[in-house]
Number of protein chains: 2
Amino acid sequence: MKAHVLIMPREGVLDPQGKAIAHALNGLGFTQVEGARQGKLIELELSGSDPEAARREVVEMCEKLLANQVIETYRIHLEG
Amino acid sequence: MKAHVLIMPREGVLDPQGKAIAHALNGLGFTQVEGARQGKLIELELSGSDPEAARREVVEMCEKLLANQVIETYRIHLEG
């Protein structure tokens, strides 16, 4: 089973990478870009086939290791 | 309109961050984790409301700046 964990900086937390991306895109002529934020995408390959159990475990992984909840939020998508 | 760009290292490209994540999760007792890969998630805030045009423009942004297609693949999701 695959789990995708999407980790983004919280609203209000400084995101210099996102700012640099928006600035560079504007500079290339993409003036429709009003803002950008950069986060992380982590794909996990999991053994086991129970999606409920997998989701619970991935939540625990996020809280223990993957996301810093003071400054980041996370979302989880399970696949197959 | 929001666009989410998901950028992952291609299969076969070394991904030391992903390896470190899998190793750390295994070490924390999450032995069901068989592998991990880390990529980037970029959220773009776009003016304009035509989703077809937005998708075309975001593809162009990926090819010109956001993704290095030699070593990375990208996917685009549009929202609202």
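From a predicted model like this one, the values you see are computed outputs, not experimental measurements.

1. Digging into the overall build of chain A
Part 1: Counting secondary structure elements, chain A contains two helices and three strands.
Part 2: The order of helices and strands in chain A, counted from the N terminus, is β-α-β-α-β.
Part 3: Here the C-alpha atoms of chain A give a radius of gyration of 16 Å, more than 25% beyond the 12 Å that 2.2 N^0.38 yields for 80 residues.
Part 4: Residue burial in chain A is summarised as follows: out of 80 residues, 45% are buried.
Part 5: Summed over all atoms, the accessible surface of chain A reaches about 4,400 Å², with 52% contributed by carbon and sulfur.
Part 6: Of the side chains in chain A, 9 bear a positive and 12 a negative charge, and the two mean positions are spaced by 4 Å.

2. Some remarks on the nonpolar core
Part 1: Of all hydrophobic cores here, the largest spans 21 residues; its most connected members are Val5, Leu44, Val58, Met61 and Leu66 of chain A.
Part 2: Counting residues per element, the ones that place at least two in this core are strand S1 (2-9), strand S2 (33-46), helix H2 (51-66) and strand S3 (72-79) of chain A together with helix H1 (16-27) and strand S2 (33-46) of chain B.
Part 3: Looking at this core element by element, the count peaks at five residues for H2 of chain A.
Part 4: In this structure, Val58 of chain A is in contact with Ala3, Val5, Leu44, Leu46 and Ile76 of chain A, ignoring residues within four places of it in sequence.
Part 5: Grouped together as the second largest cluster of nonpolar side chains are 20 residues, Ala3, Val5, Met61 and Ile76 of chain B included.

The rules behind each value
- All residue numbers refer to position in the chain's written sequence, counted from 1.
- Starting at A for chains and at 1 for ligands, labels are handed out in the order in which the entities are written.
- Reporting of local features is limited, given that this is a predicted model, to residues whose pLDDT is at least 70; pairs of side-chain atoms are given and counted only at 80 or more, and all residues count toward the totals for whole chains, interfaces and linings.
- Side-chain numbers come from the whole structure's heavy atoms, not from hydrogens or water.
- Helix numbers and strand numbers start at the N terminus; a helix is a DSSP run of H or I with at least 4 residues, a strand a run of E with at least 2.
- Put simply, the radius of gyration uses C-alpha atoms, and a globule should come to 2.2 Å times the residue count raised to 0.38.
- When a residue's accessible area, from a 1.4 Å probe over protein chains only, is under 20% of the maximum for its type it is buried; when over 50% it is exposed; and in between it is partly exposed.
- In this description, accessible areas are obtained by the Shrake-Rupley approach with a 1.4 Å probe, and a residue is regarded as covered only by the protein chains that are shown.
- Charge counting follows a simple rule: Lys and Arg are positive, Asp and Glu are negative, and His as well as the terminal groups are ignored.
- By convention, the charge on Lys lies at NZ, on Arg at CZ, on Asp at CG and on Glu at CD.
- Only buried Ala, Val, Leu, Ile, Met, Phe, Trp, Tyr and Cys residues count toward a nonpolar core, and they belong to the same one when joined by side-chain atoms within 4.5 Å.
- It only takes one pair of heavy atoms within 4.5 Å for two residues to be counted as in contact.

So yeah, pure geometry; function would need other evidence.
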